Amino acid sequence: YIVRYRINEGAMKNFLPIYANAAKLRAMGNAYIVESLERAGLTAVVPSHGDVMKLLFENGASNMSELARRVGRTKSTMTVLVNKLEKEGYVRKISDPEDSRGVLVELTSKGQALEPIFEDISNGLEEKIAAKLNPKEMQVLDDLLKKCVE
């Protein structure tokens with residue numbers, strides 16, 4: 001009864017299943033990621049590290065503020081995520097040569113070695129969806145979800 005929309009002449013239909021199904025999809029994805037990371041022996045890496053690592057794999061050393069903005073996290077949350085990755089030896093912080101107060105985050109060789117594992121996990125996630133949806137349906141779902149969160 002919290003979120004409704006009108007259909008036809010004033011009739012109402014509950015919209016909550018959309019949120020529930022989105023939450024279930026996210027939970028299924030996170031469970032798959034955690035299971036895959038554990039199988040790879042990466043118990044210190046969690047799903048929330050994935051976006052950070054993906055950006056570093058694709059772009060190389062990046063400013064902390066830019067990482068936070070692109071991942072959609074606060075600077076303080078990004079600091080916690082990066083500190084954990086740094087503690088585990090996957091990234092290191094270096095001074096930003098273009099900003100004396102800035103910090104860049106870069107992958108270490110240990111972090112770079114995770115790229116094929118992350119790629120396999122990403123492919124596995126896609127395969128899970130592809131087992132239920134055809135490519136057109138996958139695109140429509142992706143477009144609709146983006147529209148809802150933007």
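None of these values were measured; they are calculated from a predicted model. (Residues numbered from 1 in each chain as written. Predicted model: local features only at pLDDT ≥ 70, side-chain atom pairs only at ≥ 80, totals over all residues. Heavy atoms only, no water.)

**A look at the environment of leucine 133**
Step number 1: Along the chain, leucine 133 turns up in the loop between helix H6 (115-130) and helix H7 (135-149).
Step number 2: Ignoring anything within four residues of it in the chain, the contact list for leucine 133 reads Met138 and Leu141. (Helix = DSSP H or I, 4+ residues; strand = E, 2+ residues; numbered from the N terminus. Contact = heavy atoms within 4.5 Å.)

**Overview of the side chain of threonine 108**
Step number 1: Mapped onto the secondary structure, threonine 108 falls in the loop between strand E5 (99-107) and helix H5 (109-112).
Step number 2: For threonine 108, the contacting residues outside a window of four places in its chain are Gly89, Tyr90, Val91 and Arg92.

**Topic: the packing of aromatic side chains**
Step number 1: In the structure shown here, the tally under the stated rule is 1 aromatic pair.
Step number 2: The side chain of lysine 110 reaches across the aromatic face of tyrosine 90, ending 4.8 Å from its centre. (Phe/Tyr/Trp six-rings, centres within 6.5 Å; stacked < 30°, edge-to-face > 60°. Lys NZ or Arg CZ within 6 Å of the ring centre and 35° of its normal.)

**Details of the nonpolar core**
Step number 1: If you look at the biggest cluster of nonpolar residues, it comprises 25 residues, and the most contacted ones within it are Val52, Met53, Met78 and Val91.
Step number 2: Among the elements of the structure, helix H1 (16-39), helix H2 (50-59), helix H3 (64-71), helix H4 (75-87), E5 and H6 are those that each provide at least two residues to this core.
Step number 3: At 5 residues, H2 tops the list of elements feeding residues into this core.
Step number 4: Once residues within four sequence positions are removed from consideration, methionine 53 is found in contact with Leu85, Tyr90, Val91, Leu107, Gly111, Leu114 and Phe118. (Core = buried A, V, L, I, M, F, W, Y, C linked by side-chain atoms within 4.5 Å. Buried < 20%, exposed > 50% of the residue type's maximum accessible area, 1.4 Å probe, protein only.)

**Here we look at the pairing of E5**
Step number 1: The pairing of strand E3 (residues 62-63) with E5 spans 2 bridges and is antiparallel. Looking at E5, one finds that asparagine 63 is bridged to leucine 104.
Step number 2: Note that strand E4 (residues 91-96) and E5 share 6 bridges and pair antiparallel. Within E5, the position partnered with isoleucine 94 by the bridge is leucine 104. (Pairing = 2+ DSSP bridges.)

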